[in-house]
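Fold and contact review
Listed below are the residues making up each chain.
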Amino acid sequence: MVVAGDIAVYASGNARCTGGAGAVAMLLGSNAPLILDRGVRSSHMQHVYDFYKPDMSSEYPVVDGKLSIQCYLGALDKCYNRYKAKMKKVLNREGKSQSFTLETADAFVFHSPYCKLVQKSLARLLLNDFICDPHPELSSKYLGFDAYRDVKIEETFFDKEVEKAFINASQPVFNAKTKPSLLLANQVGNMYTPSVYGGLASYIAR
């Protein structure tokens, strides 16, 4: 059994309302009803002081909110594109010529510092799909995106125009494939370590 538990608590300020706490226990073993694919997991890490605890006598972290969001979205971009590349090889071995996109998977579950960031993250996957598509003009799901064809992904972290366009376009996918995973996050807030597993449990229990 693996237990992931944590508490998110912040000093007075803008971040305090995103606090929360929770724990998720998982039983690992053979004949499991939930199986994780091997060989396609993608990871990213970097050395950056967006969130850290330099004062061990205090339970509060030091947080650079804007930098932390940039790190989150940047890691998402890198992991998603690495995953897409690995999945393309898997699909090709199965004799399928399509690429992995938002349409391929049944669900998308995210680490949820706060729920609005989760919706922005799902929209960002659509942005990545759009940028990676060699012929976006042939797909109706990209209608109205011509102005964003030449955007540089690393310059869009805080571009409100791009963000709004892709949030609106991805709303149906968000409602069907991600929103159900936010049940626990909406009730208990940010759980840190068990956050993504709480999202998975929420999605399965919907």
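Residues numbered from 1 in each chain as written. Predicted model: local features only at pLDDT ≥ 70, side-chain atom pairs only at ≥ 80, totals over all residues. Heavy atoms only, no water.

**Describing the overall build of the chain**
Each helix and strand counted, the chain has 5 helices and 4 strands in total. Along its sequence from the N terminus, the chain presents helices and strands in the succession β-β-β-β-α-α-α-α-α. The C-alpha atoms of the chain give a radius of gyration of 18 Å, which matches the 17 Å a tight globule of 206 residues would have. Projected onto the principal axes, the alpha-carbon positions of the chain cover approximately 55 × 45 × 30 Å. Here the chain holds 206 residues, and the buried ones make up 35% of them. Nonlocal contacts in the chain, meaning residues at least 24 apart in sequence, comprise 63% of its contacts between residues at least 6 apart. A total accessible area of about 12800 Å² is found for the chain, and carbon and sulfur atoms account for 55% of it. Averaging the locations of the 24 positively and 20 negatively charged side chains of the chain gives two centres separated by 5 Å. (Helix = DSSP H or I, 4+ residues; strand = E, 2+ residues; numbered from the N terminus. Rg over C-alpha atoms; globule rule 2.2 N^0.38 Å. Buried < 20%, exposed > 50% of the residue type's maximum accessible area, 1.4 Å probe, protein only. Contact = heavy atoms within 4.5 Å. Areas by Shrake-Rupley, 256 points an atom, 1.4 Å probe, with all protein chains shown as cover. Lys, Arg positive; Asp, Glu negative; His and termini not counted. Charge placed at Lys NZ, Arg CZ, Asp CG, Glu CD.)

**A short note on the nonpolar core**
Counting 31 residues, the largest nonpolar core has F108, F110, L125, F145 and F166 as its most contacted members. Elements supplying a minimum of two residues to this core: helix 1 (65-93), helix 2 (115-132) and helix 3 (160-177). Considering each element in turn, this core owes the most residues, 8 residues, to helix 2. Excluding residues that lie within four positions of it along the chain, F145 makes contacts with L126, F130, A165, F166 and A169. (Core = buried A, V, L, I, M, F, W, Y, C linked by side-chain atoms within 4.5 Å.)

**A few points about helix 1**
An ideal rise of 1.5 Å per residue puts 42 Å on 29 residues; helix 1 measures up with 42 Å between its terminal C-alpha atoms. Of all the positions in helix 1, only C71, Y72, L73, G74, A75, L76, D77, Y80, K84, M87, V90 and L91 are classed as buried. Of the surrounding secondary structure, the elements contacted by the buried residues of helix 1 are helix 2. Looking one or two places after helix 1, you find G95, whose phi comes out positive at around 80 degrees. (Expected span 1.5 Å × (residues − 1).)

**Things to note about the pattern of salt bridges**
By the definition in use, this model includes 6 salt bridges. Where D77 meets R124, a salt bridge forms, and the shortest distance between an N and an O atom there is 2.9 Å. Placement of the pair is D77 in helix 1 and R124 in helix 2, with a sequence separation of 47 residues. The pair D77 / R124 is uniform in exposure class, with both members buried. Between K96 and E94 there is a salt bridge, and its shortest N-O distance comes to 3.4 Å. Residue classification places K96 among the partly exposed residues on the basis of a relative accessible area of 38%. You can call E94 partly exposed: its relative accessible area is 48%. (Salt bridge = Lys/Arg side-chain N within 4 Å of Asp/Glu carboxyl O.)

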